[in-house]
Amino acid sequence: AEQFRRCRSFTKTRSMPPKKKVEEPPPPPPEAEPVPVEAPPVDAGPPRVQLPLTLTINAVGTLVLVIQSPEADVSVPSAKALLHFAEDEDDGPEQIRALGGLEVLVRLLTHEEPEFASNDVTTLAVCARDEVCRLKTVELEGLKPMVGLLGSEDVDVQAKAAFALSCHAIDPPVRLSILELGGIKALVQLLTSDDKDVLKNACLALTCCAKHPQVKDEIYKLMGVKLLIELLGSSYEEVQEHAANALAYTVETEENRKDFRRLQGMEVLIENLSSTFPRVQQAAAFCMSSLAFDYECRRECRSKDGLRVLAHLLGHDDAKVQEQAMMALANCALDVPSKQAIGVLGGMRHVVGLLSSPDPPVQANACIAVSRLVYNFTSGLEYNDQDGSNYLNDILTSYIAACKQHEDKLVEQETKMAAYHEQVQAAKAEGKEPPEPPMIEELEEPDHHLAKCALDAVVSTSEQGEVRTEIRQKEGMLEKLRELMEAKSEAVRDGAATALANCSYDVDTRPMLVKINCIPSFMKAADSDSVDGQLAAARALGNFALDDLGRAKIGEANGNAVLVSLLKAKSIETRRQAIMALLQCARDRDAAVEVCDLGGLQDLIDMCDTHWKQLGVIAKDAYERLLDQNLSAKFWYTGELQFTDKTVHGFFDIGIGRQYRSLKELQADEVESGHEVLVADMTQDKRLEQMVENARKAAAAAPDKGKVISSLSALVAQSYGGACSYEAYQDFGCATEVHKCKLLRKTNAIWIGDLQKGACRHRAFVFKYICDQIGIECRLHRARHIRGAHVGHAWNSVYLNDDTPYVVDLMHEVGAVFPDGSTEARRYARFDMFAFVALR
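Residues numbered from 1 in each chain as written. Predicted model: local features only at pLDDT ≥ 70, side-chain atom pairs only at ≥ 80, totals over all residues. Heavy atoms only, no water.

**Thoughts on the pairing of strand E7 (residues 805–808)**
- Side-chain alternation along E7 places Pro805 and Val807 on one buried face and Tyr806 and Val808 on a second face that is also buried.
- In this structure, strand E6 (residues 794–799) lies alongside E7, joined through 4 bridges in antiparallel fashion. Note on E7: the bridge partner recorded for Val798 is Tyr806.
- From the end of E6 to the start of E7, which pair antiparallel, there are 5 residues.
- By the bridge criterion, 3 bridges tie E7 to strand E8 (residues 817–819) in an arrangement that is antiparallel. (Buried < 20%, exposed > 50% of the residue type's maximum accessible area, 1.4 Å probe, protein only. Helix = DSSP H or I, 4+ residues; strand = E, 2+ residues; numbered from the N terminus. Pairing = 2+ DSSP bridges.)

**Examining the sheet that holds E6**
- Taken together, 5 strands build an open sheet; the order of strands is E1-E5-E6-E7-E8 and the sheet is antiparallel. Two strands in the sheet have a free side with no partner beyond their single neighbour: strand E1 (640–641) and E8.
- In this sheet, strand E5 (residues 778–782) lies alongside E1 in antiparallel orientation, the contact comprising 2 bridges. Its bridge partner being in E5, Leu641 is matched across the sheet by Leu780.
- The sheet contacts of helix H44 (residues 760–774) involve E1, E5, E6 and E7, and relative to E6 the element is tilted by about 35°. (Contact = heavy atoms within 4.5 Å. Axes fitted to C-alpha atoms, helices over the stretch in contact; angles between N-to-C directions.)

**Things to note about the sheet that holds strand E4 (residues 749–751)**
- The 3 strands are arranged E2-E3-E4 in an open sheet whose pairing can be described as mixed. On the outer flanks of this sheet lie strand E2 (651–653) and E4, each paired with one strand and no other. Taking each pair of neighbouring strands and ignoring which way they run, the sheet shows an average axis angle of 25°.
- One ladder, built from 3 bridges, connects strand E3 (residues 677–680) with E4; its direction is parallel. From the neighbouring strand, Val679 faces E4, where its bridge partner is Trp751.
- Sheet strands in contact with H44 are E2 and E3, and its direction is about 25° off that of E3.

**Description of the nonpolar core**
- Grouped together as the largest cluster of nonpolar side chains are 200 residues, with contacts concentrated most on Ile184 and Phe522.
- Residues Leu678, Leu712, Cys724 and Ala825 belong to the second largest nonpolar core, which totals 53 residues. (Core = buried A, V, L, I, M, F, W, Y, C linked by side-chain atoms within 4.5 Å.)

**Points about the environment of Leu191**
- If you trace the backbone, Leu191 turns up in the loop between helix H10 (183–190) and helix H11 (196–209).
- Separated by 182 residues in sequence, Leu191 and Leu373 place their C-alpha atoms 39 Å apart.
- Ignoring anything within four residues of it in the chain, the contact list for Leu191 reads Leu199, Ala202, Cys203, Leu206, Gly224, Leu227, Leu228 and Leu231.

**What to know about helix H32 (residues 531–544)**
- Across its 14 residues, H32 extends 20 Å between first and last C-alpha, which sits within 8% of the 20 Å expected from 1.5 Å per residue.
- A large share of H32 lies buried, amounting to 11 of its 14 residues.
- Buried residues of H32: Gly533, Gln534, Ala536, Ala537, Ala538, Arg539, Ala540, Leu541, Gly542, Asn543 and Phe544, and no others.
- Looking at the buried positions of H32, the neighbouring elements they touch are helix H29 (490–503), helix H30 (510–515), helix H31 (518–526), helix H33 (548–556), helix H34 (559–566) and helix H35 (572–585).
- Two or three places before Asp532, at the opening of H32, Ser530 has a side-chain oxygen 3.5 Å from that residue's backbone nitrogen. (Expected span 1.5 Å × (residues − 1). Polar contact = N/O pair within 3.5 Å; in protein donor to acceptor, adjacent residues only side chain to side chain.)

Don't take any of this as a statement about function, it's just geometry.
Next comes the structure, spelled out in structure tokens:
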């Protein structure tokens, strides 16, 4: 009885299993009746006696041996018995493989007896449900004899061989092997058979094999599309079903689609959509969904009233038919005329209604259809009239509840296992037997696919303003989307982030999103490795940066650093959106300075040389706005500050030939020789503050603007070592004083007020700062020399009583002004001086 669970007793006629064994020895068998034997005729051989014996097999291993018998009346029933064993036992295929049965079955595929070959190949087909058995059969080269059986004269063998090939063609390499062995050609030839099972299984095998691109090409060469279209009109519904499924994969190539249209396949397929058999309708809708990716097929379907039939199938009682019809309509809605036709036929109403279907696949396809049907203002209004956002909200609510329930069960299981481990440790300590482990059930995951489809529908529909308004007014929907940005599924997180990024386009929605703390969630999405998440974060942050509140929150959440990091994202679109976000953030000076300090300025400058023209244009706009807000960076990059550029406290000059860095980083460097960093900040530099106050008093006492410039020039010159002639300038050294200031502050960044002696660069720098503080227009220039005696030379220009700029001499003829471009101005600006030459 215990053996009966794993192996059955078979006879030639599949006898009943043996009775339960008893401990007493069996009684002796009764004496057999003597068999009468007739006298043989003269010259006849010895008589043949038919013994009244019944062969009973108690082990599948013995059955595997018996099927190899040369006697057909033994091998054929044994093959049938082995087939029943493989079908009825859950681990039947595994037992047959373990006992070497697959090797025997593959070797006997060439058996001459058709009935045996039919049972043999069917057994292999049943065993193919186990992946290990399937791969083992392929390894044993079982495909070749299977393909050979397709040419058998027995139609039953042909049908079973085609079915076996379909079972093994689950794996992509097997499909290619069947093609190489000539199996596709043989299967296409079987499409002309008159037998129902042969046609059905040949179409089924082609359905599995046609998923390989090379098989599609082979079917095209063999004109298989024509035969499959003919089978769409078969009188057998199963043949129609499998023919439509085979066509669904075959027509994925342009050549086969052209054949399909040329052979009037669309008309036959639309007729199948109106079939009375649901499985035929389902397969025809599936084929239509594949064809609908082609514009010409969509146009032909629309012109031949196929959209009306598909829309009618949305009300079908069979959920599978609804699912495939929904997918076909969704694909047909890829062009505007089809969208309009579906809307006129009431497709929107049916599609939105199916969002509440109890069948998840139908809901998922309805979400896809909605995302394609809502494409303009009118369709958005119709979608709102059908309360589509409410249905999507219900789907998301159910998903969130399922996720929480799943999480609670996981916690419960972890608690049970923790308690069990404690009990085991306690038992070991006391020398007792450990307790039995708790029963842990396998938890069903929430439907992430349905949630992703629903979020895709929210993303697509929220591109319409009226739908965004509906989402904003739907109580709790924004909060649910924000919550889904923390989901475990990356696809769900990205979908929720993209949906909220779309919602952030509305000025009325952004404060609500800020209130529910969306900005930190977008920061987290930007830091992820997901391209979609990064893109959604960049778009959303760019929208938030349009408002003062949003920019402030971005700054508080370290959003500028995140946006700078996105400048190096893999996706070009993500980079573009990050640049646009930085362009908005740079409206605030503090944010612009932070972006420059984080390296964003250099990244934007580098992007200007990219071969993506649009990216280079907006990068240029962004870094120009940064420079307008951060004059220290502007002077570093352009070498000049215009009259309208007003310096502020903390203005600094790095000097020429250095990489731009933040003042904090520069101050942290160790003291070294070379160009010093000049810092002007009267809030911390008391001597500079006094200079500004003296300048303000001198300007107030001067009768005209010329006297003001003269007084300021004298003030600056006196503060930094007085005047020096051109001839003596070569020996006017201030390096010692500069180094002294560096040691005083223990940094290379020196306060300009600390200097007691300074050259042209120092004087021009402080002159610009003082003029800006007291309201005098002043321009600051720096020479382009990168080597020689005049590296970093700087000068100033001012306006007097007209619109002509004048160069101010702060070094040689202190207080003198020269018209811009004059010989004296060029001389002071060192335009014609290079290397180590004496000034004349």
